[in-house]
Each structure stands twice: as C-alpha cells, then as structure tokens.
Amino acid sequence: MEVKELMNPGVVWVEPTATAALAARLLSRHNLGALPVCAGDGRLRGMVTDRDIVLRCVAAEEDPRSVPVRSIMSRRPAVVTPEDDVRQAARLMSSQQVRRLPVVDKDRVVGVVSLGDLAKCGRYEMEISRALTDISENIRQP
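Quick look at the structure, then.

Observations concerning the pattern of salt bridges
Then step 1. Under the definition given, this model contains 6 salt bridges.
Then step 2. Note that Asp63 and Arg65 form a salt bridge whose closest N and O atoms lie 3.1 Å from each other.
Then step 3. When its relative accessible area of 31% is taken as the criterion, Asp63 is described as partly exposed.
Then step 4. Under the relative-accessibility criterion, Arg65 is labelled exposed at 65%.
Then step 5. Between Arg87 and Asp85 there is a salt bridge whose closest N-O contact spans 3.2 Å.
Then step 6. Beyond isolated ion pairs, a larger network of salt bridges with shared partners links Asp41, Arg43 and Asp107.

Following this line, the structure appears as structure tokens:
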C-alpha cells in the first residue's frame, strides 16, 4: 500500500516567520500535534510540534507572541513521497522517533501521514507497534 492511500491531503502549515503563538493556535484549532513549516510557495522548511513550542519557547521563558517559528522548528525533517510504501513510512517514523511525516511531491508538501493513519488501515500492525514502542521508549528516557 502506498502512502498516498492513507495520508491526509488537507495540509495545515505555517510560515517560518509566523509566531509560536500562531502555530499553537493552529495546532489547537485543527487538533494537530505538528505542523509543516513552509515557505509561501509550499516548499518544506521544517516541522514544528506542540512539544517544540513548550520546550523551546514557553519553558525557555520566551514570549510565544514574539518568537518566530523558524527559531523553534526542527530543520530537515524526515519525509516520504506519495508513492512510498506504508511499511517504509512506519520504519522511518521509528528510526526518526516521530509520529508524523510530511508527504512531499516535487519539493511541495502535499499531505501528512501519521501513525494514527497507519493504524486505521488495519494492516501493518507489527510495523506500527514497533514504531510506537521505539518512539515511546525514547520519550521516557531522561
């Protein structure tokens, strides 16, 4: 099965110059855990997560209304293409310790695929379980 069969094509993204506060509002409004950070042309520049906002902005006692996303985002995130195999996406999530991957086609973000999307398809339980275990173990370590 290919990623394009499971990905969410309704991409909500934020520009690198947007504030952490705007990113937080978008995450909340759309019930997301991560946003692709894209230039105005849709080219991926990074990813920002709710965790990035908390740890790199709020916990650092910075003002989310003035901190630009580019200063707290993860650069060069792992990506998949729409034609990539779902098992490959699960292995990449496991090795990169992420729950979501931007789906990129011709340098533009065309979707996002998450562990939840993979789980909903009802296949690849072993790959999904392994990815979730690997990610969860890394979070618990100090």
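Okay, back to it.
Side note on the nonpolar core
Then step 1. Ranked by size, the top nonpolar core spans 15 residues in total, and within it Val14, Leu35, Val48, Val69 and Ile72 carry the most contacts.
Then step 2. At the level of elements, helix H1 (20-29), strand E1 (34-38) and helix H2 (50-58) are the ones that each hand at least two residues to this core.
Then step 3. Element by element, the count of residues in this core is highest for H1, at 4 residues.
Then step 4. Grouped together as the second largest cluster of nonpolar side chains are 14 residues, Met7, Ala90, Met93 and Leu118 included.

A short note on the side chain of Ser114
Then step 1. Turning to its location among the elements, Ser114 is positioned in strand E5 (residues 108-114).
Then step 2. Ignoring any residue separated from it by four or fewer positions in sequence, one finds Ser114 in contact with Met93, Arg99 and Arg100.

A few points about the pairing of strand E4 (residues 100-105)
Then step 1. Relative to E5, E4 is paired through 6 bridges, and the arrangement is antiparallel. Its bridge partner being in E5, Val103 is matched across the sheet by Gly111.
Then step 2. Hairpin remark: E4 followed by E5, antiparallel, with 2 residues in the connecting loop; positive phi at Lys106, about 55 degrees.

What counts and how
Residues numbered from 1 in each chain as written. Predicted model: local features only at pLDDT ≥ 70, side-chain atom pairs only at ≥ 80, totals over all residues. Heavy atoms only, no water. Salt bridge = Lys/Arg side-chain N within 4 Å of Asp/Glu carboxyl O. Buried < 20%, exposed > 50% of the residue type's maximum accessible area, 1.4 Å probe, protein only. Core = buried A, V, L, I, M, F, W, Y, C linked by side-chain atoms within 4.5 Å. Helix = DSSP H or I, 4+ residues; strand = E, 2+ residues; numbered from the N terminus. Contact = heavy atoms within 4.5 Å. Pairing = 2+ DSSP bridges.

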